[in-house]
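Each chain, letter by letter, is given below.
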Amino acid sequence: MLYFSEPGEHNTDAVLDLVFETAVKEGIRHVVLPSTRGKVATKALEMVPEDIDLVIVTHSVGFRKSGVDEFDPEVRKLYENTRHKILTTTHLFRGLEGYFYKKFGGVYPPQFFAAALRLFGEGTKVAVEIALMAADAGLIPIDQWVISAGGTGKGLDTAYILKACNTRDLSEFRFGRLLAIPSEFYSRRS
């Protein structure tokens, strides 16, 4: 397991190395990664072992600005004609509830869930969210262990082995093993 003294994108290469090494060692075939603009997606495509299938989850179109897709179209082209997938869809914790929160204030059940996951770090929230999104899209199996990673701001700093589920069956979700995470406890000891 990797502990990082601080979160952020400078941990991305170490997380990708660990994710792919663990996937090969444990016989895990599916890896889910976030990539807003395409930087993580590009690195992952260069590093992915032969027997691993990637699912890259991007921001939805209009995430930051209406009608705008932040993901680099050239990176999207790199994934064409490969076994790997790119998922661009509404984020689990940012759909209609996000609109109502922004418009009327208040907190809605998905925000409670997201806030609870953030207790373990932003990367944990992202890793869980994108795994559920990929499962709902039918891009990863719900009966097998997968690896899902997330990050704080940009890049990657967190990774888990987990068993995703469809969101309608949330009680079926399972954490398997923590692979990497930022830790304030660790940083005080360094």
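Residues numbered from 1 in each chain as written. Predicted model: local features only at pLDDT ≥ 70, side-chain atom pairs only at ≥ 80, totals over all residues. Heavy atoms only, no water.

An unreviewed UniProt entry annotates the protein chain as Cytoplasmic protein of Kosmotoga olearia.

Quick notes on the packing of helix H5 (residues 109–118) against helix H6 (residues 122–136)
Stated formally: All axes here are fitted lines through C-alpha atoms, helices being fitted over the stretch that makes contact, and every angle between N-to-C directions spans 0 to 180 degrees. A run of H or I in DSSP counts as a helix once it spans at least four residues, and a run of E counts as a strand once it spans at least two, with each numbered from the N terminus. Angle categories are assigned with fixed cut-offs, so that under 35 degrees is roughly parallel, over 145 is roughly antiparallel, 65 to 115 is roughly perpendicular, and the rest are oblique. Pairs of residues are marked as contacts when any of their non-hydrogen atoms sit within 4.5 Å. Lys, Arg, Asp and Glu make up the charged group, whereas Ala, Val, Leu, Ile, Met, Phe, Trp, Tyr, Cys and Pro make up the nonpolar group; the residues left over, Gly among them, are polar.
Interhelical geometry of H5 versus H6 gives an angle of 130° and a closest axis separation of 7 Å. Regarding the angle of H5 to H6, the classification is oblique. Between H5 and H6, the residues in contact are Phe113, Ala114, Leu117 and Arg118 and Glu122, Thr124, Lys125, Val128 and Leu132, respectively. Considering only residue class, the contact of H5 with H6 consists of 5 nonpolar, 1 polar and 3 charged.

Comments concerning the pattern of salt bridges
A side chain of one charge can pair with a side chain of the opposite charge when the charged atoms of the two come close. The test is simple: Here, a salt bridge means any Lys or Arg side-chain nitrogen found within 4 Å of an Asp or Glu carboxyl oxygen. Relative accessibility thresholds used throughout: buried, under 20% of the residue-type maximum; exposed, over 50%; partly exposed, between the two (1.4 Å probe, protein chains only).
Per the counting criterion, the structure on display carries 13 salt bridges. Its salt-bridge partner being glutamate 26, residue arginine 177 comes within 3.6 Å of it at the nearest N-O pair. One end of the pair, arginine 177, is in strand E7 (residues 174–182); the other, glutamate 26, is in helix H1 (residues 12–26), and 151 residues separate them in sequence. Take arginine 177: its relative accessible area is 39%, and that puts it in the partly exposed class. The exposure class assigned to glutamate 26 is partly exposed, which follows from its relative accessible area of 40%. Through salt bridges that share partners, Arg118, Glu122, Lys125 and Glu129 make up one connected network.

Examining the pairing of strand E3 (residues 53–57)
To keep it simple, the criterion reads: Pairing between strands is defined by DSSP: at least two bridges between the two strands are required. With the strands aimed away from the viewer, a crossover counts as right-handed if its path from the first strand over the helix to the second runs clockwise.
Where burial is concerned, most of E3 is hidden: 5 out of the 5 residues are buried. As defined by bridge partners, strand E2 (residues 30–34) adjoins E3 across 5 bridges and the pair is classed as parallel. If you follow leucine 33 over to E3, its bridge partner there is isoleucine 56. For the crossover that starts at E2, traverses helix H2 (residues 39–47) and ends in the parallel E3, the hand is right-handed. Note: E3 against strand E4 (residues 85–87), 3 bridges, orientation parallel. In the strand pairing of E4, isoleucine 56 is matched with isoleucine 86. Between E3 and its parallel partner E4, the chain crosses via helix H3 (residues 73–79), and the hand of that crossover is right-handed.

Let's talk about H1
Using the following cut-off: In this scheme, a helix's expected span is set at 1.5 Å multiplied by one less than its residue total.
With 15 residues, H1 should reach 21 Å at 1.5 Å per residue; the first-to-last C-alpha distance of 21 Å fits that figure. Of all the residues in H1, the buried ones are Thr12, Val15, Leu16, Leu18, Val19, Phe20, Thr22 and Ala23. Glycine 27 lies just past H1 and shows a positive phi near 70°.

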